[in-house]
Amino acid sequence: MKIAVCVKRVPDTEARIKVGGDGKSIEESGVKFVLNPFDEYAVEEALKLKEAAGGGEIVVISLGTDANQETMRTALAMGADKGILLKAEVTAPDSLAVAKALAAELKAGEYDLVLFGKLAVDDGCHAVGPMVAELMELPCVSSISSLEIADGKGTAEREIEGGIEVVEFSLPAILTTEKGLNEPRYPALKGIMMAKKKPLETKEVTLEGSGVELTALAYPPERKEGRIVGEGPDAVPALVDALKNEAKVL
Amino acid sequence: MAAILAVLEQRNGEVKRVSHEVLSAARSLADGMGVEVHALVIGPGGTNVDGLGAFGADKVLVAADDSLQLYQAHRYAYIAASAAGDCSAVLIAGTSMGRDLGPRIAARMGAPYFNDVKSLEGSGEISITRPMYSGKAIATVKITASPCVLSVPPNAFAPVEAGKAGAVEEVAVPEAVEPARATTVNVKEPETAVLDVSESAIVVSGGRGIKEESDFKVVEELAAALNGAVGASRAVVDNGWRSHSEQVGQTGKTVSPNLYIALGISGAIQHLAGMRGSKVIVAVNKDPDAPIFKVADYGIVGDVMEVAPRLTEEVKKLSEG
């Protein structure tokens with residue numbers, strides 16, 4: 001089975017975000033960038049499928065600048081076989097532009113399965129996987145928390161409000177992964193050493209913008225200062241009173 | 001002029017409340033542009049579409065067929081993109097269905113797409129605001145393309161009575177879109193219905209301040225007394241005490257309920273990112289310096305195991321009284 005995993009380089013979730021001088025982007029210096037946490041589940045699932053099948057190839061694909069190579073090496077260190085960097089400058093979040101560029105590359109690769117994290121923790125767009133699926137006319141299940149594949153067919157589960165949707169699909173297919181699907185492995189030292197020698201190809205791509213422009217990035221409005229109602233259980237009546245009569249939420 | 005299409009959501013043939021919010025968001029945008037709001041409901045035969053005019057639909061398009069009872073992604077996307085025709089914008093709720101369907105409709109229409117839209121305005125070009133970095137920053141985006149597809153999170157737009165006609169019009173349901181390669185075969189529902197943390201108006205979350213798995217019941221009991229949903233911090237989910245579907249934060253869900261009660265949650269930056277958009281925040285923590293108190297409107301310094309049961313008791317008194 002030939003599997004593609006599309007990954008993104010994002011600021012660590014622990015990172016403090018500082019708006020840059022241009023008021024449109026973040027200050028990158030001092031920020032640690034990592035493999036998008038949801039993409040780790042996608043990489044892990046691909047590795048599990050390859051191990052279960054006893055063979056196959058896992059290609060990591062990422063769109064961005066040369067800095068993405070480090071992120072891709074993390075996936076290679078986990079066990080993916082090779083990488084393709086689609087080199088492009090992405091400014092505003094433009095899911096459709098990214099999806100079009102990825103779809104073109106994925107079409108050429110003739111993969112049996114394409115995996116994405118369900119969203120990237122930077123722009124939180126939650127969109128590229130299903131978009132690529134529609135552009136490629138492939139079946140797609142997003143935000144999966146369970147997966148079984150056998151004989152060219154698959155069954156995936158996805159959490160919905162108050163239930164779990166069970167979806168059957170045929171391969172080739174596109175899946176996006178949710179936390180809980182698996183436990184991503186940590187790259188072992190041997191994997192990290194080997195990753196340095198794994199092939200990582202770079203291709204220049206030109207994005208076709210879809211008519212969006214990020215005009216400002218700002219901090220969220222400060223919450224107005226709250227107050228400590230009191231200490232211990234004896235403070236509860238005062239709290240309930242405030243919630244009922246002041247905040248009017250009870 | 002091109003209308004705004006509001007793609008609504010039904011469960012078991014009833015339109016969900018969150019769809020009224022979508023209609024109201026569509027209405028406010030449409031009023032600014034001087035155009036109509038068309039609502040689209042895809043569902044089983046007999047789906048109840050009464051009263052959608054009251055929330056702002058000038059026209060209600062119904063694609064009803066029993067094969068559409070469950071969310072069938074590819075078919076729903078095809079129907080919605082066809083119904084969108086020359087609409088200038090398509091709005092949908094940021095539910096598990098909307099987050100999957102929205103981008104599909106956009107891709108089919110060749111239109112830009114944004115989720116988590118917190119505000120939107122404009123008469124020609126539409127300008128939106130939405131969180132980035134899970135709420136650590138807010139972006140303003142100008143959309144110069146038309147049409148566009150936008151998804152709005154639950155609880156961001158209040159349903160507003162608008163008193164429009166809501167004339168119902170059946171739309172043709174295409175035969176199964178070929179190739180039909182993915183089919184939702186079943187929805188497994190728990191024996192007792194659970195409120196979803198991202199949709200509920202009240203959320204009670206528990207964190208590391210709760211020392212034993214069995215003690216988490218104080219969170220459940222308070223949530224039940226308030227008719228709210230249970231949430232959890234990442235630490236509690238990573239411990240395996242609670243399902244990931246309840247996790248609030250950057251690798252969980254972003255919530256914006258009317259009332260968020262954090263029990264024994266210190267307020268790690270990635271948790272705050274997921275809940276700071278809540279309207280009223282209450283924190284109970286024994287450490288007076290915990291970061292959660294920086295975002296809380298009301299705080300009690302104390303042991304969760306003592307404060308939470310008392311709070312449950314007082315809330316019950318209130319609802320009985």
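Figured I'd write up the structure that's included with this text. Every chain is numbered independently, its residues counted from 1 as its sequence is written. Numbering of ligands from 1 and lettering of chains from A proceed in the order in which they are written. Per-residue local features of the predicted model are confined to residues with pLDDT of at least 70, and side-chain atom pairs are confined, for both listing and counting, to 80 or more; whole-chain, interface and lining totals are unaffected and use all residues.

**Some points on the packing of helix α2 (residues 73-84) of chain B against helix α3 (residues 96-109) of chain B**
All names here are of chain B.
So, point 1. Convention adopted: a line fitted to C-alpha atoms gives each axis, helices being fitted over their contacting stretch, and angles between N-to-C directions are expressed from 0 to 180 degrees. Runs of H or I in DSSP of at least four residues are treated as helices and runs of E of at least two as strands, each being numbered from the N terminus. In contact at an axis separation of 9 Å, α2 and α3 are set at 55° when each is read in the N-to-C sense. Here α2 is positioned oblique relative to α3, judged by the angle of their axes. Taken as a pair, α2 and α3 cross one another with a handedness that is right-handed. Each of A73, Y76, A77, A80, A81 and A84 in α2 lies in contact with α3, whose residues at this interface are D100, L101, R104, I105, R108 and M109.
So, point 2. Taken together, the residues of the contact of α2 with α3 sort by class into 9 nonpolar, no polar and 3 charged. Roughly parallel refers to an angle under 35 degrees, roughly antiparallel to one over 145, roughly perpendicular to one between 65 and 115, and oblique to any angle outside these ranges. Crossing handedness is read from the near helix: turned anticlockwise from the far helix by less than a right angle, it gives a left-handed crossing, and turned clockwise, a right-handed one. We call two residues in contact when their backbone-placed C-beta atoms lie within 7 Å. Just so you know the grouping, Ala, Val, Leu, Ile, Met, Phe, Trp, Tyr, Cys and Pro go in nonpolar, Asp, Glu, Lys and Arg go in charged, and all remaining residues, Gly too, go in polar.

**A word on the interface of chain A and chain B**
Put simply, an interface is often sized by how much accessible area is lost when its parts join up.
So, point 1. Listed as interface residues are 73 residues of chain A and, on the opposing side, 72 residues of chain B.
So, point 2. Element by element, the count of residues in the side of chain A that touches chain B is highest for strand β9 (residues 163-170) of chain A, at 8 residues.
So, point 3. Per-class residue counts for the side of chain A that touches chain B are 40 nonpolar, 16 polar and 17 charged.
So, point 4. Here 6 bridges tie strand β12 (residues 212-218) of chain A to strand β10 (residues 137-143) of chain B, and the two strands are oriented antiparallel to one another. In the sheet register, L217(A) faces β10(B), and the bridge partner there is A139(B). Two strands pair if DSSP finds at least two bridges between them.

**Topic: the packing of helix α4 (residues 217-226) of chain B against helix α8 (residues 304-320) of chain B**
All names here are of chain B.
So, point 1. For the pair α4 and α8, the least separation of the axes is 9 Å and the interaxial angle reads 20°. Between α4 and α8, the angle is such that the two are roughly parallel. Between α4 and α8 the crossing geometry is left-handed. Seen from α4, the contacting residues are V218, V219, E221, L222, A225 and L226; seen from α8, they are V304, M305, A308, P309, L311, T312, V315 and K316.

Any functional reading would require information that these geometric values do not contain.
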